[in-house]
Structure formats: C-alpha cells, structure tokens
Amino acid sequence: MGYEVQYDVAAVIVTVAVAVHFFYKKTVNTRMTIVLSALIYLSLASAVLDMVTVYTIEHAKEVPHWINYLLNQAYLLLFNAITPIYYMYVVYLNKESGRMRMRDRLQVIVPYAADALLIATTPFTGYVFAMDPQNGYTYGGGMFVLYMVALLYVAASFVRTVLFRKNLNKGQRMITYCYTVACIISIVAQMLTDQLLIIQFSIAIAILLIYLSLENPEDFSNKLLGTYNETAFVEILSTMIRNKREFSVVGIRVHGLQYITKTLGATSWNHLLKQIAEFLQHAVGKKRVFYLSGSRFAVIAKGTMTGDAVIHKIQERFQRPFKADDAEISLAVPMCMISYPEHVDTVENILDAIEYFSDAAKGAGNAGVVYANEETLKNVGREFQVVQILKRAVVDKKFEVWYQPIYSVEKKRFTSAEALVRLTDEEFGVISPDEFIPLAEKNGMILEIGVYVFREVCRFMKTHQVWNYGIENIDVNLSVVQCMQERLYETLLDIMDEYCLDYHCINLEITETAAVVSSETLERNMRQLIRRGMHFFLDDYGTGFSNTATLIDYPFHTIKMDKTLVWSAMKNKKAMHALKYSMAMIKAMQMEIVAEGVETQEQAKILEAMGCDFFQGYLYSKPVSGAEFLNKVRAEAIYA
Ligand code: C2E
Ligand code: MG
Ligand code: MG
C-alpha cells in the first residue's frame, strides 16, 4: 500500500489559510504571537516536507540516498519541534507575565534535544529509520521513542492547562483539551498505521482552532481608527521592558473633542479622531501609535525618533485646525513624556504616569507638555499609594465619619452638622477627602464609600437620637458619580427605612459639577427625594461656574457659600460685592444660606448682616469625631 498524501494536501491548504489571515491582520509581536507564528511555519514546512519525502521514498531508486536521508531528517526535525513549541505556547499562555523560568526552558529543550540527536545520528545508527536498496525506507525503534517524546509534550501541555486553568477562559480550556485528545488519537493512529498520514492534518486543524480561539489579532487593534489599542500597548511595553530596551512614551490627550460631540455630533467626533490617528501614524509610523481610550493616544518613541521629535511634530500639526463637516476646528494637545528606565520600571507605572501626567498637562495650558521628573513622579507615587490604601480601606471599612456642627443664626445654637468622611492610614497619617474623594471617583470606589457614609450617618442619628440635643438634621455630601446613578434615590430611601428615620433628617449636598454632568438623572433623583421631604443643598457656591441657571433650574433648598469666597470677600472689595449680591439674590429666590469657613467674629458679623442663615467654620467648631460632636451638642443642650 502506498502513502495517502491527501491529508497532507488538506493540511497545507488549512495552514496556508491561517498563515495568510494571520499575517494580513494587524497584530503585535508578542511572545505569544511569535510562538504562534513559529507553530504555523513549522507545521506548514513539515506538511510540505512530508509530501516531498513520500515522493522521494516511493522513488527511492531514482533519488540519491543521501538526499533521501537529508529530507527525511529535516522532516523529522521540523515535525518533532511542533509539540515542544506547542508546549512553550501553553507555558506562555498560562503565565500572567514575566519570562520563562529556567525549569520551563529545560522542559522545552531537553527532550527535543534528545530527539534531534537520534535523528541526526540515524544515517550511522539506523535507529530512527533506514534506507537500504532492498527494503527501501524502514522504521527503527527510535521512531517509537520520537512518538513517545511527542506524547510526553502533549501530556505535559495538558497537565499544565489543568493546573493553571484559572488563567484561561472557558473557550481556551476547551480548545486546549480538544487539542490534546486530537493529538493523542492521531499520534496513536499514526503509530498503528504508518501509511495513513493523518498527523499533519490534525495539527493543521488544531492550529486553526488555536488561532481562532486563543489568539485573536483584533484584540490588539482599534477597528474604527485602524490603530493599535491599549492591549497592544501593554504587550509591547512589557516586551521592551523585559528586553531592557530604552524608550520614551509620549502620552497625548486631545483637548476639546468632547465639545465636538455636543455641537457637531458623534460622527464628527469619530471623523476627527480618525484624522488625528492617521496624522499620528503618518508622522511617527504605524507601529508606534496606540489609541488608549476617550481622546487619549500614546506614541512609543525609540531609536532615532526621540520623544522630543514626536512632540515637536505633533505640536506643529496642531497649530493648524482640523476639519469636521464644514467646520474648521482648533484642538489643543496637552502631552506628557515618560522615559524608561529613567522614570518608570513597570508597565503599570507607565499607565499610571500617563494618566496622571495627562491631567497635569491639561492644567499646563493648551500646548502644555509635562516631562516626568523626580519631583512630578513623587506625586504619581503618592497617588498610586493612596489608591492602594483606599482599596484596603473600602474592604476593611476603615473610614470614619466626622461631624462639623452648623450654627443657626436665628436659634443661636447648633441645629445641624455636616458629615465629613475621614481616612487615616498608619503610615500616611490623615488623608484629606479633597485628595482621596477624586481618586475614589476615578477608581470606581466612591459608590461604596458614599453608601458607607450615608449608612453611618443614619446609624449615628438613630443610635444617639441626636434630635434630643437640638440637632434637626445632618448634611451628607454626594459625589458626582453617585448623582449619576439611576436608582440613587432607592438606595438612600432603603437605608433610611432600615433605621426608621424621617426623610427630612438628612440634607444632601451636591456640587454644581454634579448638576452639569448628570442633569437628567440628577433631576429625577432630586424629584423623588424631595417629594419625600429631603432637602438638597448646593455646595461650594462661588467656586467653579456659579451659574445662575443652576439656581433657577434645580430645586435647591439651601446654598452653601464656599469658604474661599467668604475669605476673599474679607480681603477684596470686588469679592465682597460678589458675595453680598449673590446672597441677596439667593435670599430673594427664597433659599437659605450657609456660610462655610467662618473663622472670626468679624466674618460672622458681616455675614449675619448680609442675611446669612447658618454658619459653619472653625470659629464654632472644627470637624470632630462622632463622640466629640455628641459631647459638644450635649453640653450646649444642658447649658441652654
Ligand atoms: P465641603 O463639602 O465643602 O466641606 C467643607 C470643607 O471645609 C471641610 O473640609 C471642612 O473641614 C472645611 N471647613 C469648614 N469650615 C472651615 C474653616 O473655618 N476653615 C477651614 N480651613 N476649613 C473649613 P474637609 O472635611 O477636608 O472636606 C473636603 C471636601 O471633601 C468636602 O468639601 C467635600 O467636598 C469632600 N467630602 C468630605 N466628605 C465627603 C463625603 O462623605 N462624600 C463626598 N462625596 N465628599 C466628601
Ligand atoms: Mg459639603
Ligand atoms: Mg463646601
């Protein structure tokens, strides 16, 4: 019986299809893709050589012996490299990061080296196969050893997949298991019937499956913009850091794009982003440009294309406007530059630094470029550490709620208080909410913190029956992110119900930003809560926009004058007019006023004359712990 080469032909067709798809698609040279391309090349070459050797064996009489030996040896060397390379693929797949350890390397190399030795010496030993004029091509005992080594690699790949299954998703696990079973069946079948050349075909199918499930090149690109994405960015940076290559990263945040969506629509936004992506790819090369998210890009600068050169090119282009529809739009590009290994040593640090410095660069003006240096990196370091502390504090519920009493001008005593969250860390000491609240918002922890504070205030009021000491209500701050929650009102009402509290016991303080960012959701939440008797306070009035429309459009009960406005009014005539007439306007609109930051008798007198209803400030009390607050108000109640 002759050899059946149809399966080899099919194997070549399948592998070529995978190879074409693989190389046509945008992908990134990571360890995984390099190993996968080695697998594709190897199986293609060995399928072709398998067919060639079938021919040369069947025509052994015409083909010189040494050529037959050489071709068969080459075939066996390539073919037997497939399972170790696959094993290497599984090792990488199961690793979260880092290099292969020495033990893994030895596992990949040593059995194959033994195979290679047997194959190389076979013309002298005849151990794997022999070619002789009478019998033609015959297998020796060594062929069995090669099969066993292949089975060993397959089994090891299987065991590794089972051991590290947590690192793989369900699809990846299924494919690896199927691959193992297919390999074992085809190796055994091949051992039993050496005429049926089925192995190459099953390998080709396995590679197709692996390609489809494990390695999806689209994971690395942004389809809309035709650039690499953040996943690719992380992969490439990891590879460069592993290989200790020097490079700089230029972080770019295009400023002003958000207004485009509002005025010209989402299509124009996409169109503009695409223009920017194309410009960047053209200016610095396709392989260096990465789209991160929103309006953020990153460029990797190395070799002759320095970070400064990249920045210069970008600045030059952004001096001219971009086109969207028929409009000409000028955009600002705050940028930051971070270099490895001078400034950062891990990918996470680079991502954190880009995020941090992009914000800083925005503040540095339109053409702002922030260069990482020791000083600026200290802030990144601190931000990073505070986020870690926050994460732990959220899990361990390590926050405390302090209270700052609020003095009623009319009743001449404390009638309420503002609840202010506190975070203390053994190493960092007291961390100000001004520092950690924005970080908690950025890192998705604010909702939990918000609910914790709200619940704690309810518990405090209920347990200590604070109304017995004249405290009618307590103000709780809501963050912008909380105001964006569709069901915020339900969450808050449920907690109050749990403690059987009257709804008017708690006032909610929000800032103008919340009103701007989440107007519709906020309005719905406000309506639901106000209907039940809760009051909303506008916090920090006199900072930010202080838009009169906010006062008109939203049903605020009370306006809190920000401490900075109060303080500057005491030093500056213009600010004094602003404060005075703002307060007159607010009073005319029938809203109450709390002045924050009242530190002196003189300030209190002036504010009282202007019609202020409540004072909050160090003159009366700093924020204090719950116990201290109770002491204060108890003492006042007794004194009264
Ligand atoms: P805020 O809501 O405007 O709170 C008033 C801040 O002014 C408090 O700072 C308070 O200690 C301070 N303050 C009041 N009177 C005086 C004074 O006479 N002199 C001086 N120098 N400062 C005074 P704190 O506690 O550091 O809070 C800062 C900000 O953090 C708050 O500003 C609020 O925006 C935010 N925050 C605090 N607790 C929470 C919370 O539970 N949730 C949310 N979302 N934000 C909170
Ligand atoms: Mg407040
Ligand atoms: Mg305030």
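Position labels on residues start from 1 in each chain and follow its written sequence. As they are written, the chains are lettered A onward and the ligands numbered 1 onward, keeping that order. Thresholds applied to this predicted model are a pLDDT of at least 70 for local features of residues and 80 or more for the giving and counting of side-chain atom pairs; totals over whole chains, interfaces and linings are not thresholded and use all residues. For side-chain calculations, the full set of non-hydrogen atoms in the structure is used, while hydrogens and water are omitted.

Looking at the overall build of the chain
Helix and strand content of the chain: 25 helices and 20 strands. Each radius of gyration is computed over the set of C-alpha atoms, and the globule rule expresses the reference value as 2.2 Å times the number of residues to the power 0.38. Here the C-alpha atoms of the chain give a radius of gyration of 35 Å, more than 25% beyond the 26 Å that 2.2 N^0.38 yields for 640 residues. With the C-alpha coordinates of the chain rotated into their principal frame, the extents come out at 120 × 60 × 45 Å. Across the 640 residues in the chain, those meeting the buried criterion constitute 49%. Sequence-distant contacts, at least 24 apart, represent 70% of the contacts inside the chain between residues at least 6 apart. Carbon and sulfur atoms form 58% of the exposed surface of the chain, whose accessible area is close to 31000 Å². For the charge count, each Lys or Arg is scored as positive and each Asp or Glu as negative, with His and the chain ends excluded. Working definition for charges: the position is that of NZ of Lys, CZ of Arg, CG of Asp or CD of Glu. Put simply, the chain has 61 plus and 67 minus side-chain charges, and the middle of one group is 1 Å from the middle of the other. Helix and strand definitions here come from DSSP, where helices need a minimum of 4 consecutive H or I residues and strands a minimum of 2 consecutive E residues; each element is numbered from the N-terminal end. Buried, partly exposed and exposed residues are distinguished by accessible area as a fraction of the type maximum, computed with a 1.4 Å probe on protein chains only: under 20%, between the cut-offs, and over 50%, respectively. Here, two residues are considered to be in contact whenever any of their heavy atoms come within 4.5 Å of each other. All accessible-area figures derive from a Shrake-Rupley calculation using a 1.4 Å probe, and residue coverage is judged against the displayed protein chains alone.

Looking at helix H12 (residues 307-318)
Every α-helical turn comprises 3.6 residues, leaving residues that sit three or four positions apart pointing alike. Given a helix with a known number of residues, its expected span is that number minus one, times 1.5 Å. Here H12 is twelve residues long and its end C-alpha atoms lie 17 Å apart, about the 16 Å a rise of 1.5 Å per residue gives. Buried within H12 are the following residues: Gly-307, Val-310, Ile-311, Ile-314, Arg-317 and Phe-318. Projected down its long axis, H12 shows its buried positions confined to an angular sector of 130 degrees, all on one face. Contact partners of the buried residues in H12: strand E5 (247-253), helix H11 (266-284), strand E7 (296-301), strand E8 (322-324), strand E10 (335-340) and strand E11 (369-371). Directions are taken from the helix axis to each C-beta atom, and the arc is the one they span.

Focus on the coordination of the magnesium ion (ligand 2)
Here a donor is an N, O or S atom found within 2.8 Å of the metal, or within 3.2 Å if the metal is Na, K or Ca; sites may look incomplete because water is not among the atoms. The coordination sphere of the magnesium ion (ligand 2) contains the protein donors Glu-418 (OE), Asn-477 (OD1), Glu-509 (OE) and Asp-539 (OD), at a distance range of 1.9 to 2.2 Å. Read from N- to C-terminus, the donor residues coordinating the magnesium ion (ligand 2) fall into the pattern E-x58-N-x31-E-x29-D. Here Asp-539 falls in the buried class, since its relative accessible area comes to 6%.

Quick word on the coordination of the magnesium ion (ligand 3)
The expected angle between donors at a tetrahedral four-coordinate metal is 109.5 degrees. At an octahedral six-coordinate metal it is 90 or 180 degrees. For the magnesium ion (ligand 3), the full set of protein donor atoms is Asp-539 (OD), Asp-540 (OD) and Glu-596 (OE), at a range of 1.9 to 2.3 Å. For the magnesium ion (ligand 3), the donor residues sit on a single chain with the sequence spacing D-D-x55-E. The distance between the magnesium ion (ligand 3) and the magnesium ion (ligand 2) comes to 4.0 Å, with Asp-539 serving as a donor to both metals. Placement of Asp-540 in strand E17 (residues 535-541) and of Glu-596 in strand E19 (residues 592-596) is noted, with a sequence separation of 56 residues between them.

Focus: the pairing of E5
Of all the seven residues making up E5, seven are buried; the element is thus mostly covered by neighbouring parts of the structure. Here E5 shows a buried face lined by Phe-247, Val-249, Gly-251 and Arg-253 and a second buried face lined by Ser-248, Val-250 and Ile-252. A pair of strands counts as paired when DSSP detects no fewer than two bridges linking them. With six bridges joining them, E5 and E10 adopt antiparallel strand pairing. Its bridge partner lying in E10, Phe-247 is registered against Tyr-340. The pairing of E5 with E7 spans six bridges and is classified as antiparallel. Directly across from Gly-251, in E7, lies its bridge partner Ala-298.

Things to note about the pairing of E7
The buried count for E7 comes to six of six residues, which makes it a mostly enclosed element. What you see with E7 is no split at all: Arg-296, Ala-298 and Ile-300 on one side and Phe-297, Val-299 and Ala-301 on the other are buried throughout. Between strand E6 (residues 289-293) and E7, which follow one another and run antiparallel, lie two residues, and Gly-294 among them has a positive phi close to 55 degrees.

Quick notes on helix H6 (residues 141-163)
Across its 23 residues, H6 extends 33 Å between first and last C-alpha, which sits within 8% of the 33 Å expected from 1.5 Å per residue. Along H6, the positions that sit buried rather than exposed are Gly-142, Met-143, Leu-146, Tyr-147, Val-149, Ala-150, Leu-151, Tyr-153, Val-154, Ser-157, Arg-160 and Thr-161.

Some points on the side chain of Asn-507
Looking at where Asn-507 falls in the secondary structure, it is placed in strand E16 (residues 506-510). Judged by its relative accessible area of 2%, Asn-507 is buried. A distance of 3.4 Å separates the side chain of Asn-507 from the side chain of Asn-473, its partner in a polar contact. Under this definition, polar contacts are N or O atom pairs within 3.5 Å; protein pairs additionally need one hydrogen-donor-capable and one acceptor-capable atom, and for neighbouring residues in sequence, both atoms have to be side-chain atoms. Among the polar contacts listed, one links the side chain of Asn-507 to the side chain of Asp-475, at a separation of 2.9 Å.

A word on the packing of helix H2 (residues 31-58) against helix H4 (residues 82-94)
At their nearest, the axes of H2 and H4 sit 10 Å apart, and the two run at 160 degrees to each other. When the axis of H2 is compared with that of H4, the two are roughly antiparallel. Of the two possible hands of crossing, H2 and H4 adopt the one that is left-handed. Each of Arg-31, Met-32, Val-35, Leu-36, Ala-38, Leu-39, Leu-42, Ser-43 and Ser-46 in H2 lies in contact with H4, whose residues at this interface are Ile-82, Ile-85, Tyr-86, Met-88, Tyr-89, Tyr-92 and Leu-93. For the contact of H2 with H4, the per-class residue count stands at 13 nonpolar, two polar and one charged. Fitted lines through C-alpha atoms give the axes, limited to the stretch in contact for helices. The angle between two N-to-C directions lies from 0 to 180 degrees. Orientation categories follow fixed angle ranges, with anything under 35 degrees roughly parallel, anything over 145 roughly antiparallel, 65 to 115 roughly perpendicular, and all other angles oblique. Left-handed describes a crossing whose near helix is turned anticlockwise from the far helix by less than a right angle; the clockwise case is right-handed. Amino acids are sorted into nonpolar (Ala, Val, Leu, Ile, Met, Phe, Trp, Tyr, Cys and Pro), charged (Asp, Glu, Lys and Arg) and polar (every other residue, Gly among them).

Comments concerning the nonpolar core
Grouping buried Ala, Val, Leu, Ile, Met, Phe, Trp, Tyr and Cys residues that are joined through side-chain atoms within 4.5 Å yields what is termed a nonpolar core. Within the largest apolar cluster, 83 residues are counted, with the highest numbers of intra-cluster contacts made by Phe-399, Phe-454, Val-457, Ile-506, Leu-508 and Met-561. It is helix H16 (residues 446-464) that provides the largest number of residues to this core, a total of nine residues. Excluding its chain neighbours within four sequence positions, the residues that come into contact with Ile-506 are Phe-454, Val-457, Cys-458, Met-461, Asn-473, Ile-474, Val-476, Met-496, Met-534 and His-535. By size, the runner-up hydrophobic cluster in this structure holds 52 residues, among which are Val-35, Val-90, Leu-93 and Ile-210.

So, the packing of aromatic side chains
A pair of aromatic rings is counted whenever rings of Phe, Tyr or Trp (Trp by its six-membered ring) have centres within 6.5 Å, and the orientation is called stacked for planes under 30 degrees apart, edge-to-face for over 60 and tilted otherwise. Tallied over the full model, the rule gives 22 aromatic pairs. Centroid distance Tyr-75 to Phe-79: 5.7 Å. Interplanar angle 20 degrees. Geometry classified as stacked. Of this pair, Tyr-75 and Phe-79 both sit in helix H3 (residues 65-79), separated by four residues, roughly a single helical turn. For Phe-79, a relative accessible area of 12% gives the class buried.

A look at the site of ligand 1
Around ligand 1, the surrounding shell holds 25 residues, and the nearest of these are Arg-422, Asp-539, Lys-563, Glu-599 and Tyr-618. Within the contact set of ligand 1, an oxygen atom lies 2.9 Å away from a side-chain nitrogen or oxygen of Asn-477. Glu-596 places a polar side-chain atom, nitrogen or oxygen, 3.0 Å from an oxygen atom of ligand 1. When ligand 1 sits alone it has 800 Å² of accessible area, and the protein chains cover 88% of it. Contributing elements (two or more residues each) for the shell around ligand 1: strand E13 (413-425), helix H15 (433-442), E17 and helix H22 (563-571). Ranked by the residues each element gives to the shell around ligand 1, the list is headed by E13, at four residues. Here the residues of the shell around ligand 1 are counted per class, giving ten nonpolar, six polar and nine charged. We call a residue near a molecule or strand whenever a single non-hydrogen atom of that residue lies within 4 Å of it.

Considering the side chain of Gln-281
Here Gln-281 is to be found in helix H11. With relative accessibility at 9%, the residue Gln-281 sits in the buried group. Side-chain polar atoms of Gln-281 contact the backbone oxygen of Gly-226, separated by 2.9 Å. Beyond its immediate stretch of four places on either side in the chain, Gln-281 contacts Gly-226, Thr-227, Lys-286 and Val-289.

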